[in-house]
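Structural description and commentary
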Amino acid sequence: MVLETFHAVNFAEWIGPAAKVWLIAVVALLVGFALLRWLFAVLRQGPAAGTLSALNFLWAAAADLLLISPRRTLALAGLTIKESMRRRVVIVFAVFLILVAFAGWFLDPGSNQPARLYLSFVLTTTSYLVLLLAVFLSALSLPADIRNHTIHTVVTKPVRPSEIVLGRVLGFAAVGTVLLGLMAAISYVFVLRGLDHKHDFSAAAREQLAVMWRDARRNDSTQGIAVSTDRVQNHRHTVFFDPAQETVDEQGVRRGAIRTDTENGHEHEIQYVVPAEGEVQFVCSPPENHLLARVPIYGKLRFKDRAGKDADKGVNVGDEWTYRSYIQGGSLAAAIWTFENLRDDQFPDGLPVEMTLGVFRTHKGDIEKGVPGSLSVRNPATGDEAHVRTFASREFQTDLQVIPLEFQTGDGRTINLFRDMVADGKLEVWLRCVAPQQYFGAGQADLYLRARDASFALNFVKGFAGIWLQMVMITGFGVLFSTFLSGPIAILATGGALLGGLFSDFLYQLSQHKVFGGGPIEAMIRLVTQQNVVTELPPTAQTTVAKMLDKAAEQWMWLIWHMLPDFRVLSFSDHVAYGFDISWGLLAMAVCQTLAYVGPAFVLGYVFLKSRELAQ
Amino acid sequence: MSAEVVIETRSLTKVYRDFWGRRKVEALKALDLDVRRGEIFGLLGPNGSGKTTTIKLILGLLFPTNGEALVFGRPAGDVEKNARIGYLPEESYLYRFLNAEETLDFYARLFRLPRAVRRQRVYDLIEQVGLQRAKRRQLREYSKGMTRRIGLAQALINDPELLLLDEPTTGLDPIGIREMKDLILHLRDQGKTILMCSHRLDDVQDVCDRIAILHQGELKELGRVDSLLKVRDMTEIRATGLSEEAKEEIRQVIARHGAQLLSCDNPTATLEELFVKIIRESEEHPGRRVRGVA
Ligand SMILES: Nc1ncnc2c1ncn2[C@@H]1O[C@H](COP(=O)(O)OP(=O)(O)O)[C@@H](O)[C@H]1O
Ligand SMILES: [Mg+2]
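**Re the overall build of chain B**
On a plain count of helices and strands, chain B comes out with 9 helices and 10 strands. Principal-axis analysis of the C-alpha atoms places the extent of chain B at approximately 70 × 50 × 40 Å. Burial statistics for chain B: of 294 residues in total, 44% are counted as buried. Pairs at least 24 residues apart make up 66% of the contacts formed inside chain B by residues separated by at least 6 positions. Put simply, chain B shows about 16700 Å² of open surface, and 49% of that area lies on carbon and sulfur atoms. Measuring between centres, the 48 positive side-chain charges of chain B sit 5 Å from its 45 negative side-chain charges.

Structure representation (structure tokens):
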């Protein structure tokens, strides 16, 4: 699980500083713009008339922005919607339908994590389609209106330029909303149906099931018998029996007693009927627990090195991503998560610790078995530590270890978790690697308490809300660019903003000189002269010039990186695909980010449109 | 005529520049004009003389290089004045994906009109410009004349006090031209002020009270049409039922007074008059009819 830790960010803590930075930027932008406008006016018309004209402009702008009429804005939004329909938005929808229809051929429900695969597919497909559409619609509309002179009949009505810009943004947002809504509904059905399957039992397995059932009735023990389902979608399950959970309904259908293990991220329930005569009938349920929205409680991560001393980080094992730090097996090294504000009423059934560990093997060991790890809890106040259990790690697979509320340690102590280990709501969870010469890798978000599960359907909707926000953001940029650029150029600019936002990481690294092969010009030279990216270029004048130009380019990229939105903050696809709840705080953060960009884009777009001679 | 000035331009000047800010065309040079309430004012001039430029400057679609234009005493860039203005562009630039009804409904929504009034006005205007049968068709299917009509309808959607008509008769058939002229006169009679421009002399002569003649962006002549056109040293006599002898007698009277007779003939109707008469008759009595062969 490689979700960045940003989903642990607290909205209440984030909003204050973020709003401050935003306000400073916006005020600087506004003041800068007003000064520029004034300077131009003074240069063109002289100091007195220029100042007057600049003040007039500001006055008119204030009126235009404050006295926006909903009626006219809605009329313009309606026009935008009709225009979008004429531009064959329907085609995008058709493309989506075709993609989904054929996706069944290349998406393998028998793969390791089919739910993740299916969810990633629908979320990625919809977001790319909708964002691409948003680029084209928003960037082309206003330039076409100006080129066809249709805008002349609009601006000679009592319409404010602000209403034209806002109407556009709202209209496109409405089109996108309907489109996304339809796509979300279809996606949901597609995922459910794509993952749906049932297992059956061979005749032998049926017999064994019947034996197991009879045994279980008699002495509550089913040891020694392992029953497997048949193989569907490339996997089979092992069946467990727990008669204590059984319920019977009026039709005589018995539920709850027979479940399967978890394979490929899901499990099944086996219901059965015991007829008066003949054999017991077993019926398999559709997959369960494969579409999740886990609500994690994250802890703070720190490390102990092999000698047991405190360390900021674990070991770096080389070309693994630096997000994870590694701890050495068979030593005193440990990864420690400290959790806060735990209450016993949150965890009536024990403390569910869920983890996804990276494993780095220096030797093969027993490749069939997982590298063993040990899980302990420690009271942060008293320093008292209790070993919970040793487990076999499953590399990069999510594993749930429930720490019981009461357990026995190896030396015979009985531990009451909340009484003995939790101090003032705080608890430490210690993870060690048992096998010598092997390593466990963990990052902050890799181990968490799975307090509860939220509704998957709601999480799915939130995931699409993220795409919706991205679409609104792109629409804002598109409309902004279209107020002063011609259609094709506006498309390029908007597309550039989209790419920059999607790959904002890369842009940052370019600007920080962290990419191999140097800046754009140097890279170009390397491309043309076919040189390797790590060797130094010969110290010629040419190289010096190239490096100087790159330096300038890097400054620009740094600036652009700072001005572009980070689209990853708005993309919740991973949350949905990996089964994590998108918290309301995260969603609120995304909404604020979107507004923080779309608001100024609207004002700027208005200023450009207002200053523009539309009939020129 | 009331003296209230509706449009005022003060040394209005427009220089078109290219992308780099270099001067390209001096389209309008220091124009001073007053248009008064209730009159039909005509801008007359050959192609490229700056008529459209003047109208666009008055509407705020272009920014003046120098001077200023005031409408209802407000600067041309002011939005609120637009509530009282109707504008028919040179070519009807309308949304081709809307039909006539949708078009008028859209423009009507841009004004503060109650729903019922809006509905009624859309209905009335479509009837007034004779597009009832085509009102559900997209404008992309319209002929030039039909587009012109719907363009006129959108200019009238707010029942404006002031109308700016750029070449209102181009693209219309003779009937349309006649109807357009009648409509303009009718609107004037309702008290509206009209500024129209045209390069067609007959249009301007037929409807305008006052005209300005532009050439290469300069104002060449300004005044009342009747006084501008009055030929003071000529007299026209028109009569009906005169016998040949009577005509001869008149000739002699003219000669006796030492004046010169320029012509004495049967007048020919203009082709426009003939055409309009035939079409009107045909509308009243449909069917095939061939008049005398010449
Ligand atoms: N957008 C423009 N850019 C450059 N020159 C223009 C533009 N519009 C009009 N002109 C020029 O300005 C002059 C006046 O044009 P216009 O006002 O359209 O004339 P009219 O309407 O009388 O035919 C013409 O020479 C024309 O070529
Ligand atoms: Mg013209």
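That was the structure; now back to the text.
**A word on the environment of Asp-424 of chain A**
All names here are of chain A. Take Asp-424: it is sitting in the loop between α9 (417-421) and β19 (427-433). With relative accessibility at 78%, the residue Asp-424 sits in the exposed group. For the pair formed by Asp-424 and Asn-379, sequence separation is 45 residues and the distance between their alpha carbons is 9.8 Å.

**Some words on the coordination of the magnesium ion (ligand 2)**
Residue and element names in this part refer to chain B. Those protein atoms acting as donors to the magnesium ion (ligand 2) are Thr-52 (OG1) and Glu-90 (OE), and they sit at 1.9 to 2.3 Å. Of this pair, Thr-52 sits in helix α1 (residues 51-59) while Glu-90 sits in the loop between β6 (85-88) and α2 (100-109), placing them 38 residues apart in sequence. A residue is classified by how much of its surface remains accessible, and Glu-90, at 33% relative accessible area, is partly exposed.

**Details of the packing of α2 of chain B against helix α3 (residues 115-128) of chain B**
Angle between the axes and distance between the axes: these two values describe a pair of packed helices. Residue and element names in this part refer to chain B. At a minimum axis separation of 10 Å, α2 and α3 run at an interaxial angle of 135°. The angle between the axes of α2 and α3 places the two elements in the oblique class. Helix-helix and strand crossings are classified by hand; for α2 and α3 the assignment is right-handed. Touching Ala-100, Glu-101, Leu-104, Asp-105, Ala-108 and Arg-109 of α2 are Arg-118, Val-122, Leu-125 and Ile-126, all from α3. Taken together, the residues of the contact of α2 with α3 sort by class into 6 nonpolar, no polar and 4 charged.

**Points about the interface of chain B and chain A**
At the junction of the two partners, chain B supplies 29 residues and chain A supplies 29 residues. Carbon and sulfur atoms supply 62% of the area buried between chain B and chain A, which totals about 2800 Å² over both sides. Considering only the side of chain B, the residues that lose the most area to chain A are Leu-61, Tyr-93 and Leu-110 of chain B, jointly responsible for 23% of the buried surface there. Inspection of the chain B/chain A interface yields 2 salt bridges. Its salt-bridge partner being Lys-14 of chain B, residue Glu-613 of chain A comes within 2.4 Å of it at the nearest N-O pair. The set of elements that each furnish at least two residues to the side of chain B that touches chain A consists of β1 (5-17), α1 and α2 of chain B. Counting residues per element, the side of chain B that touches chain A draws most heavily on α2 of chain B, at 4 residues.

**Some details on the layout of surface pockets**
All names here are of chain A. Quantified by volume, the second largest pocket comes out at close to 1600 Å³. Forming the boundary of the second largest pocket are 40 residues, of which His-562, Met-563, Leu-564, Pro-565 and Tyr-597 lie nearest the centre. Among the elements of the structure, α1 (11-45), α10 (456-482), α11 (487-502), α14 (541-563) and α16 (584-610) are those that each provide at least two residues to the lining of the second largest pocket. Its residues placed into classes, the lining of the second largest pocket shows 35 nonpolar, 3 polar and 2 charged.

**Regarding the pattern of salt bridges**
Residue and element names in this part refer to chain B. Evaluated as defined, the whole model comprises 47 salt bridges over all chains. For Lys-181, the salt bridge identified is with Asp-206, shortest N-O distance 2.9 Å. Remark: Asp-206 occurs in helix α6 (residues 201-207) and Lys-181 occurs in helix α5 (residues 174-189); sequence separation between them is 25 residues. Take Lys-181: its relative accessible area is 4%, and that puts it in the buried class.

**Some remarks on a nonpolar patch on the surface**
Residue and element names in this part refer to chain A. The grouping of Trp-22, Leu-23, Val-27, Val-31, Leu-35, Trp-38 and Leu-39 at the surface amounts to a nonpolar patch, some 640 Å² of accessible area in total. Checked against the element boundaries, Leu-23 lands in helix α1. The exposure class assigned to Leu-23 is partly exposed, which follows from its relative accessible area of 47%.

**A few points about the domain arrangement of chain A**
All names here are of chain A. Domain parsing of chain A yields domain 1 (14-67), domain 2 (68-196 + 455-610), domain 3 (203-284) and domain 4 (296-453). Look at where the C-alpha atoms of domain 2 and domain 4 centre, and you get two points 40 Å apart. Counting residues at the interface gives 4 residues for domain 2 and 5 residues for domain 4. Both faces considered, domain 2 and domain 4 share a buried interface measuring about 330 Å² in area, 45% of it formed by carbon and sulfur atoms. The interface formed by domain 2 and domain 4 contains 0 salt bridges. Seen at the junction of domain 2 and domain 4, the total is 0 residue pairs in polar contact (both at pLDDT 80 or more). Here the side of domain 2 that touches domain 4 is composed, by residue class, of 1 nonpolar, 3 polar and no charged.

**Description of the environment of Gly-176 of chain B**
Along the chain, the position of Gly-176 of chain B falls in helix α5. For the pair formed by Gly-176 of chain B and Glu-141 of chain B, sequence separation is 35 residues and the distance between their alpha carbons is 19 Å.

**Re the site of ligand 1**
Around ligand 1 sit 13 residues in total, of which Gly-48, Gly-50, Lys-51, Thr-52 and Thr-53 of chain B are the nearest. Surrounding ligand 1 is a set of residues that belongs to chains A and B. A distance of 3.0 Å separates an oxygen atom of ligand 1 from a polar atom in the backbone of Gly-50 of chain B. Between an oxygen atom of ligand 1 and a side-chain N or O atom of Thr-52 of chain B, the distance comes to 2.6 Å. Listing elements by their share of the shell around ligand 1, those giving two or more residues are β2 (23-36) and α1 of chain B. Looking at the shell around ligand 1 residue by residue, the classes come out as 4 nonpolar, 7 polar and 2 charged.

**Things to note about the packing of aromatic side chains**
Under the defined criterion, the tally for this structure stands at 25 aromatic pairs over all chains. Seen in terms of ring centroids, Phe-106 of chain B and Tyr-107 of chain B are 5.0 Å apart; in terms of plane orientation they differ by 55°. Their pairing is tilted. Here Phe-106 of chain B and Tyr-107 of chain B have matching classes, each one buried. An aromatic cluster is built from Phe-33, Phe-477, Phe-481, Phe-484, Tyr-597 and Phe-608 of chain A, whose rings are joined through pairwise contacts. Note that Arg-37 of chain A overlies the ring of Phe-57 of chain A, its terminal NZ or CZ placed 4.4 Å from the centroid. Lying across the ring of Tyr-16 of chain B, Lys-14 of chain B places its NZ or CZ 5.8 Å from the centre.

**Focus: the sheet that holds strand β11 (residues 334-339) of chain A**
Residues and elements named next belong to chain A. Overall, antiparallel pairing links the 6 strands, which are arranged β9-β8-β11-β19-β14-β15 in an open sheet. Of all strands in the sheet, those bounded by a partner on one side alone are β9 (310-311) and β15 (385-392). As judged from the 2 bridges shared by strand β8 (residues 300-304) and β9, these two strands associate in the antiparallel manner. Each residue of the ladder has a partner; that of Lys-304, found in β9, is Asp-310.

**Describing empty space enclosed by the protein**
Residues and elements named next belong to chain A. Per the stated rule, a full pass over the model turns up 3 cavities of 30 Å³ or more. Roughly 70 Å³ of internal volume is contained in the largest cavity. Listing elements by their share of the lining of the largest cavity, those giving two or more residues are α5 (114-147), α7 (161-195) and α10. Of the residues contributing to the lining of the largest cavity, the split by class is 8 nonpolar, 2 polar and no charged.

**Quick word on unusual backbone geometry**
Residues and elements named next belong to chain A. Phi at Asn-264 takes a positive value of approximately 50°, unusual for a residue other than glycine. The residue Asn-264 is located in the loop between β4 (253-260) and β5 (269-273) in this model. A positive phi angle, close to 60°, is found at Asn-289, a residue other than glycine. Accessibility expressed as a relative area gives 44% for Asn-289, which makes it partly exposed.

**Focus on a positive patch on the surface**
A surface patch of positive charge is lined by Lys-82, Arg-86 and Arg-88 of chain A together with Arg-96 and Arg-140 of chain B. Checked against the element boundaries, Arg-140 of chain B lands in the loop between α3 and α4 (144-155). By relative accessible area, Arg-140 of chain B is classed as partly exposed at 42%.

Procedures and definitions
Residues numbered from 1 in each chain as written. Chains lettered and ligands numbered in written order. Predicted model: local features only at pLDDT ≥ 70, side-chain atom pairs only at ≥ 80, totals over all residues. Heavy atoms only, no water. Helix = DSSP H or I, 4+ residues; strand = E, 2+ residues; numbered from the N terminus. Buried < 20%, exposed > 50% of the residue type's maximum accessible area, 1.4 Å probe, protein only. Contact = heavy atoms within 4.5 Å. Areas by Shrake-Rupley, 256 points an atom, 1.4 Å probe, with all protein chains shown as cover. Lys, Arg positive; Asp, Glu negative; His and termini not counted. Charge placed at Lys NZ, Arg CZ, Asp CG, Glu CD. Donors = N, O, S within 2.8 Å, 3.2 Å for Na, K, Ca; no water. Axes fitted to C-alpha atoms, helices over the stretch in contact; angles between N-to-C directions. Parallel < 35°, antiparallel > 145°, perpendicular 65-115°, else oblique. Left-handed = near helix turned anticlockwise from the far one by under 90°. Nonpolar A, V, L, I, M, F, W, Y, C, P; charged D, E, K, R; others polar. Buried area = accessible area lost by both parts, 1.4 Å probe. Salt bridge = Lys/Arg side-chain N within 4 Å of Asp/Glu carboxyl O. 1 Å grid on protein atoms, 1.4 Å probe; cavity = no way out; pocket = protein on both sides within 12 Å on 5 of 7 lines; lining within 4 Å. Points joined across faces, edges and corners; volume = space filled by probe spheres on them. Patch = residues over 30% accessible without salt bridge, like charges linked within 9 Å, V, L, I, M, F, W, Y side chains within 5 Å. Domains from an automatic or database assignment. Polar contact = N/O pair within 3.5 Å; in protein donor to acceptor, adjacent residues only side chain to side chain. Near = heavy atom within 4 Å. Phe/Tyr/Trp six-rings, centres within 6.5 Å; stacked < 30°, edge-to-face > 60°. Lys NZ or Arg CZ within 6 Å of the ring centre and 35° of its normal. Pairing = 2+ DSSP bridges.

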